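Structure at a glance
Below are the chains, spelled out letter by letter.
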Amino acid sequence: MRLLQEYRQKLRVIILLVMPSHTGGAERRGEERTAVTVSVFACLQVDNDRRDLDMNNKDVDAEKMTRFIRMNELRLVTEYNPVTAIGVMESSLQLNLLLITDKMSPKHPNRMRTYRAAAEIFKGKILFILVDSNLKSNERVVSFFKLKKSQLPALAIFHTPDEEHDVLSLDEVSVQRVQDFCNRFLQRMQKEDDEPEEKARNEEL
């Protein structure tokens, strides 16, 4: 339990302890004793999914627990890197919105405050991701969207099932621009979903 308390303090993640149900209290020599055993350590994520770690496994130590959390925690805005990429790819949310920006910019703190505010609007619908354009490991992400450094900061929205995407270069990040960009893409996706049904109805006529 001390290990779990330590992680609560060090890591800003929501955790859940799943404990076995009690079949009843046991009394010995007039004293009631209840044994509680932690069986599962779970990350509750912004996409409402869960990832479980079996705490009964003797191989689980502080290092493995740290890696489990880093791999699986999805925050309101998740910073993309080789570790969190696993949790991002396994998310049940099919729409990802990436803010590709320079974290070293003096404007970065304000951009992040605005981006988080926009993330609240689409919580549970779109996974908001931060991509630091300065990291070499993120160069492939930037090149996938065919962006140059001069075009950053930029928003990139990505539909994981078919890899359909759209990109918007920004002068500055605002809640309204993020909201409009996401809504346009959502409307386009809806229209594409409706077209086959409409075509089928017309053919029946």
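**Comments concerning the overall build of the protein**
- Helix and strand counts for the protein come out as 6 helices and 10 strands.
- Per-residue burial over the protein gives 39% buried out of 205 residues.
- By element, 48% of the accessible surface of the protein is carried by carbon and sulfur atoms, the whole surface being about 13300 Å².

**A look at the pairing of strand S10 (residues 164-169)**
- By the bridge criterion, 6 bridges tie strand S9 (residues 154-159) to S10 in an arrangement that is antiparallel. Bridge pairing in S10 places Ile157 opposite Asp166.
- Counting the residues that bridge the hairpin from S9 to S10 gives 4 residues, and of these Glu163 lies at a positive phi of roughly 65°.

**Some thoughts on the sheet that holds strand S7 (residues 95-101)**
- Overall, mixed pairing links the 5 strands, which are arranged S6-S8-S7-S9-S10 in an open sheet. Each end of this open sheet is capped by a strand with a single partner; those strands are strand S6 (77-79) and S10. For this sheet the average axis-to-axis angle between neighbouring strands, irrespective of direction, equals 25°.
- Packing against the sheet, helix H4 (residues 108-121) makes contact with S6, S7, strand S8 (127-132) and S9, and its axis sits at approximately 165° to S8.

**Concerning the pattern of salt bridges**
- For the structure on display, the rule yields 6 salt bridges.
- A salt bridge links Lys103 to Glu79, with the shortest nitrogen-to-oxygen separation between them at 3.1 Å. Of the two residues, Lys103 is situated in the loop between S7 and H4 and Glu79 in strand S6; the sequence distance between them amounts to 24 residues.
- The exposure class assigned to Lys103 is partly exposed, which follows from its relative accessible area of 30%.
- Here Glu139 and Lys136 are joined by a salt bridge, their closest N and O atoms 3.8 Å apart.

**Structural notes on the layout of surface pockets**
- Size it by volume and the second largest pocket reaches roughly 500 Å³.
- Tyr80, Met89, Asn96, Val141 and Phe158 are the residues nearest the centre of the second largest pocket, which is lined by 16 residues in total.
- Going through the elements one at a time, helix H3 (84-89), S7 and helix H5 (139-144) are the ones with two or more residues in the lining of the second largest pocket.

What counts as what
Residues numbered from 1 in each chain as written. Predicted model: local features only at pLDDT ≥ 70, side-chain atom pairs only at ≥ 80, totals over all residues. Heavy atoms only, no water. Helix = DSSP H or I, 4+ residues; strand = E, 2+ residues; numbered from the N terminus. Buried < 20%, exposed > 50% of the residue type's maximum accessible area, 1.4 Å probe, protein only. Areas by Shrake-Rupley, 256 points an atom, 1.4 Å probe, with all protein chains shown as cover. Pairing = 2+ DSSP bridges. Axes fitted to C-alpha atoms, helices over the stretch in contact; angles between N-to-C directions. Contact = heavy atoms within 4.5 Å. Salt bridge = Lys/Arg side-chain N within 4 Å of Asp/Glu carboxyl O. 1 Å grid on protein atoms, 1.4 Å probe; cavity = no way out; pocket = protein on both sides within 12 Å on 5 of 7 lines; lining within 4 Å. Points joined across faces, edges and corners; volume = space filled by probe spheres on them.

Functional significance is not addressed by these values, which are geometric in nature.
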